[in-house]
Amino acid sequence: MVQANLAHQPKDKTELARPQPVQVKARTPLSEFWRKFKKQKMALVAGSFVLALMLIALVGPYIAPYSSKEFDYESILAGPSLHHWMGTDAYGRDIFSRVLEGTRISLFVGLFSVLFGALGGTILGIIAGFYGKWIDSVIMRICDVLFAFPGILLAIGIIAILGPGLSNVIIAVSIFSVPIFARIVRSSTLSVKATLYVEATKSLGAKNSRLIWKHIFPGTVSSIIVYFTMRIGTSILTAASLSFLGLGAQPPTPEWGAMLSSGRDYLNTAPHVVFYPGMAIFVTVLAFNLLGDGLRDALDPKIKD
Amino acid sequence: MFQYFIKRLAGIIPILMIVSIFIFLFVHMIPGDPARLVAGQDATQQDVESVRKQLELDKPLHQQYLSFVTNMIHGDFGHSLKTKRPVIEEIQSRFMPTFWLSVWSMVWAVLFGLLIGVVSASKRNKWQDYAGMFGAVAGISLPSFWMGLMLIQLFSVKLGWFPTGGLDSWKSYVLPSLTLGAGVAAVIARFTRSSLMDILKEDYIRTGRAKGLHERKVVWDHGLKNALIPVVTMTGLQFGFLLGGSIVIETVFGWPGLGRLLVDSVSFRDYPVIQSLMLLFALEFIIINLIVDLLYGVMNPQIRYE
C-alpha cells in the first residue's frame, strides 16, 4: 500500500505539468494495409498494370486498329511494322488487335473460374472448419482426392467428360480451385474460431449464422484475397494451356493460347505469330503473381515491416 | 519409426479407394449413353449392345466397380478404342520417356533452384536477391508451351544445336527438360530462400560466424543442411506436378510419352486410355506423396512422435 502511494508521488515539477494532447491518427485496417502495400514498388507497378489490363478488357475491341476477324490476304504472316505493330497471322489478321481482344477472354476466364472456385471452396472450408467432426472429415477427404490429381490433369479429365470449349474450361478450372480454397479457408476458420472474441460472442448466445457471417468470414477474407489474386494468374495459365492443347477455346476465337497453338506451324518462318500472344500471357500472369505477392506481404500479420 | 510407416501407409488406402471410385465413375459421368459413345456415332444398335456387354455396362453398378478393380489389379486395363491394342501395351512403351524426362527436369530444377535460393538468401535485399526472386516469379508465370516454342526457335531452328522434337538421342532431352524444369526451379528457389533465411537467424549460425568461419561455409554447410528439410518435401511434391506439366511439354516437343498419349486420347475420346492414364497419374502422385511423407519422417524425428 505504502509503495503504491509512493509511486504516485510526483518526482519533480515537470510531471505536474498538464499532459499535452497527442495527435494519434487512427489506423483502420484499410489504411494499415495501404501503408504496407505502397512500400512495395513492384506490387504497385503490377497492380497498375492489372488495372490497365482491365481497362483494355473493357474497351479493347473498340480501340483495336483492326477487327479480329478482318482478313488481309495481301499481307499474310507479315512481320511487325507500323501498320501491324505485332505483325499478321496466317490469314493476314492483325495480331495486335487480336491480342487486345484476347485480353477480355483471358481475364474473364481467369476471374470467373477463380471466383466460382473461391466461392465453393470458401463455403466448404467454413463449414468444415466451423462444424468440425464428421462433416469436416468428409469435406477434407474429398479435397484429398481432388488433390490426388495434378491440377491440369483434373481439368483435362473434366473436359474429357464435358467436351472442349471455353465455358467447360471455366468449369474445369473452378473445380480444381475448390480444394485449394477449402483448405486455406478451413485453417483460417479454425484459428479465428479459437479467438477470444468469437468465444465471447458465442457465450452471449449468438446464433451460428451470425457467428459465421459477422465474425468467422471476415476473419478469413485476407487469406482469400491473397490466394484469389495468385490463383487468377495460375488459372489464366491453365486455361491458355488447355486452349493450346486444343481442349479450350477453338479458333478463330482470339484466345491467346489458341492463337499460339495455330501459330505453331509457322514457327520457322514467322515466329512473331507465336511470340506476341505468349508474351501477353506471360506479362499478364506475371502481373497477377507479383500483385499477389505484394498483397500477401501487406496482409500477413506475421510479416513485420 | 515402423509405426509411423504403417500409419502413413494405411492412410492412403481410403484415398486410393475413393480415387478408384471416382475414375470408375468417369465413363458414367459422360452425358449420354456411354456404350453409344464408346461404339461411335455410326455404330448399329447391335454394336452398341455388344460394347455394353464387353464393358459390362449391363451389370449393376457395384458389380461393375468390383470387376473394374479386379481387372486393374490384374493389369487388365481394357483395349484402346483407337488402336484396338491393350491399353497396358500402349502405356508401357510410353512410360519410360516420360519418367526420364521428369527425372532430368528435376535435376535441372534442383540445381538452379537451390543455387538461386541460396544466393538470394545470403545476399538478402541486395541486387542478387531482387534479381533472383524476380526471376523466380517470372519462372512461375512463364507459359511452358511458349517457353518451349521459343527455345526451339532459338536453339533448334536458328542455331541447330538440338533437335526440334521427338526422342532420338540425349540431345533430345535438353530442351524439353529445361522447359519443364523452369517452373519447378522457380518454386524451389523461393522455398529455399525463405527456409534458409529462417535458419540464418539461428544462434548456431551466429556462433559459426563469431568463431571466424568463412561465410561460404556458414551458409552452405551449416545453414543449407538444416534448411533442406522443408525443401526436400517441397521438391518431392513438385515431382507430381512435373507429371502434370509433362502433358503440355510433350505436345510441344512431340515427345513419345504418357502426356501426349493423354491429349491424343482426349481428342479421340478414347475413354479406356483416358481412364487408365488418369488412374496411373493419380497413383503416381499418391505414391510420390507417400514417399515424401516417409522421407520427411526419416529426416525430421520430431514428426514421428507427434
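Residues numbered from 1 in each chain as written. Chains lettered and ligands numbered in written order. Predicted model: local features only at pLDDT ≥ 70, side-chain atom pairs only at ≥ 80, totals over all residues. Heavy atoms only, no water.

1. Side note on the overall build of chain B
(1) Moving on: Across its full length, chain B holds 13 helices and zero strands.
(2) Moving on: Reading chain B from its N terminus to its C terminus gives the helix and strand order α-α-α-α-α-α-α-α-α-α-α-α-α.
(3) Moving on: Overall, chain B is about 85 × 55 × 30 Å in size when its C-alpha atoms are taken along their principal axes.
(4) Moving on: For chain B, buried positions account for 47% of its 306 residues.
(5) Moving on: The long-range fraction of contacts in chain B, counting pairs at least 24 apart against all pairs at least 6 apart in sequence, stands at 71%.
(6) Moving on: For chain B, the accessible area works out to roughly 15,500 Å², and carbon and sulfur atoms hold 65% of it. (Helix = DSSP H or I, 4+ residues; strand = E, 2+ residues; numbered from the N terminus. Buried < 20%, exposed > 50% of the residue type's maximum accessible area, 1.4 Å probe, protein only. Contact = heavy atoms within 4.5 Å. Areas by Shrake-Rupley, 256 points an atom, 1.4 Å probe, with all protein chains shown as cover.)

2. Quick word on the pattern of salt bridges
(1) Moving on: Counting across every chain of the model gives 13 salt bridges over all chains.
(2) Moving on: Salt-bridge contacts for glutamate 32 of chain A lead to arginine 35 of chain A; the nearest nitrogen and oxygen are separated by 3.2 Å. Of this pair, glutamate 32 of chain A and arginine 35 of chain A both sit in helix α3 (residues 29–37), three residues apart, which is roughly one turn of that helix.
(3) Moving on: For arginine 35 of chain A, a relative accessible area of 24% translates into the label partly exposed.
(4) Moving on: The residue glutamate 215 of chain B makes a salt bridge to arginine 209 of chain B at a minimum N-O spacing of 2.9 Å.
(5) Moving on: Glutamate 215 of chain B sits in the partly exposed class, given a relative accessible area of 36%.
(6) Moving on: The class for arginine 209 of chain B is partly exposed, based on a relative accessible area of 37%.
(7) Moving on: A network of salt bridges, in which partner residues are shared, links Asp293, Arg296 and Asp297 of chain A together with Arg190 of chain B. (Salt bridge = Lys/Arg side-chain N within 4 Å of Asp/Glu carboxyl O.)

3. A word on the confidence of the model for chain A
(1) Moving on: Per-residue confidence for chain A averages 83 on the pLDDT scale, and 90% of its residues sit at or above 70.
(2) Moving on: Of all secondary-structure elements in chain A, the lowest mean pLDDT belongs to helix α1 (residues 2–7) of chain A, at 45, while helix α5 (residues 95–131) of chain A reaches the highest, 91. (pLDDT = per-residue confidence, 0-100.)

4. Observations regarding the packing of helix α7 (residues 151–162) of chain A against helix α12 (residues 271–299) of chain B
(1) Moving on: Close contact between α7 of chain A and α12 of chain B brings their axes to 11 Å; oriented N to C, the two are set at 160 degrees. With respect to α12 of chain B, the axis of α7 of chain A lies roughly antiparallel. The hand of the α7 of chain A/α12 of chain B crossing is left-handed. Together, Leu153, Gly157 and Ala160 of chain A of α7 of chain A and Tyr271, Ile274, Met278 and Phe281 of chain B of α12 of chain B make up the contact between the two elements. (Axes fitted to C-alpha atoms, helices over the stretch in contact; angles between N-to-C directions. Parallel < 35°, antiparallel > 145°, perpendicular 65-115°, else oblique. Left-handed = near helix turned anticlockwise from the far one by under 90°.)

5. Describing the UniProt feature "transmembrane region" (unreviewed entry) in chain B
All names here are of chain B.
(1) Moving on: UniProt's entry tags residues 12–30, 99–119, 131–153, 173–191, 227–253 and 273–296 with the feature "transmembrane region" (unreviewed entry), counted in the numbering of this structure.
(2) Moving on: Within the segment residues 12–30, helix and strand shares are 95% and 0% respectively, and the terminal C-alpha atoms sit 27 Å apart.
(3) Moving on: Along residues 131–153 the backbone is 91% helical and 0% strand, and the end-to-end C-alpha distance reaches 26 Å. (UniProt positions renumbered as here; feature names shortened; annotations may be inferred.)

6. Overview of the nonpolar core
(1) Moving on: If you look at the biggest cluster of nonpolar residues, it comprises 148 residues, and the most contacted ones within it are Phe149 and Ile156 of chain A together with Val19, Phe145, Ile247 and Leu262 of chain B.
(2) Moving on: Considering each element in turn, this core owes the most residues, 14 residues, to helix α10 (residues 208–244) of chain A.
(3) Moving on: Excluding residues that lie within four positions of it along the chain, phenylalanine 145 of chain B makes contacts with Ala240, Ser241, Phe244, Leu260 and Ile281 of chain A together with Val248 and Val252 of chain B.
(4) Moving on: Counting residues in each nonpolar core, the second largest holds 11 residues, with Ala121, Leu196, Leu224 and Ala227 of chain B among its members. (Core = buried A, V, L, I, M, F, W, Y, C linked by side-chain atoms within 4.5 Å.)

7. A closer look at the confidence of the model for chain B
(1) Moving on: On average, residues of chain B score 83 in pLDDT, and 97% of them reach the 70 mark or higher.
(2) Moving on: In the model output, the complex is listed with pTM 0.84 alongside ipTM 0.83.

8. Side note on the packing of aromatic side chains
Note on aromatic pairs: each is described by the distance of the centres and the angle between the planes.
(1) Moving on: This structure, assessed with the given rule, holds 18 aromatic pairs over all chains.
(2) Moving on: Note on phenylalanine 275 of chain A and tyrosine 276 of chain A: the rings are 5.2 Å apart at their centroids and 85 degrees apart in plane angle, and the pair reads as edge-to-face.
(3) Moving on: With centroids separated by 6.4 Å and ring planes inclined at 65 degrees, the aromatic side chains of phenylalanine 155 of chain B and phenylalanine 162 of chain B adopt a geometry described as edge-to-face.
(4) Moving on: Classification of phenylalanine 155 of chain B as partly exposed rests on a relative accessible area of 22%.
(5) Moving on: Following the ring pairs from residue to residue traces out a cluster consisting of Phe275, Tyr276 and Phe282 of chain A together with Trp146 of chain B.
(6) Moving on: Between lysine 193 of chain A and the ring centre of phenylalanine 130 of chain A, over which it is positioned, the NZ or CZ distance is 5.9 Å. (Phe/Tyr/Trp six-rings, centres within 6.5 Å; stacked < 30°, edge-to-face > 60°. Lys NZ or Arg CZ within 6 Å of the ring centre and 35° of its normal.)

9. Observations concerning the interface of chain A and chain B
(1) Moving on: If you look at the interface, chain A gives 39 residues, while chain B gives 41 residues.
(2) Moving on: Buried area between chain A and chain B, both sides added, is near 3,700 Å², and the carbon and sulfur share of it is 82%.
(3) Moving on: Taken together, the links from chain A to chain B amount to one salt bridge.
(4) Moving on: For the pair chain A and chain B, the interface holds five residue pairs in polar contact (both at pLDDT 80 or more).
(5) Moving on: For the side of chain A that touches chain B, the secondary-structure elements that each account for two or more residues are α6 (133–147), α7, α10 and α12 (272–299) of chain A.
(6) Moving on: Here the side of chain A that touches chain B takes 12 residues from α12 of chain A, the largest share from any one element. (Buried area = accessible area lost by both parts, 1.4 Å probe. Polar contact = N/O pair within 3.5 Å; in protein donor to acceptor, adjacent residues only side chain to side chain.)

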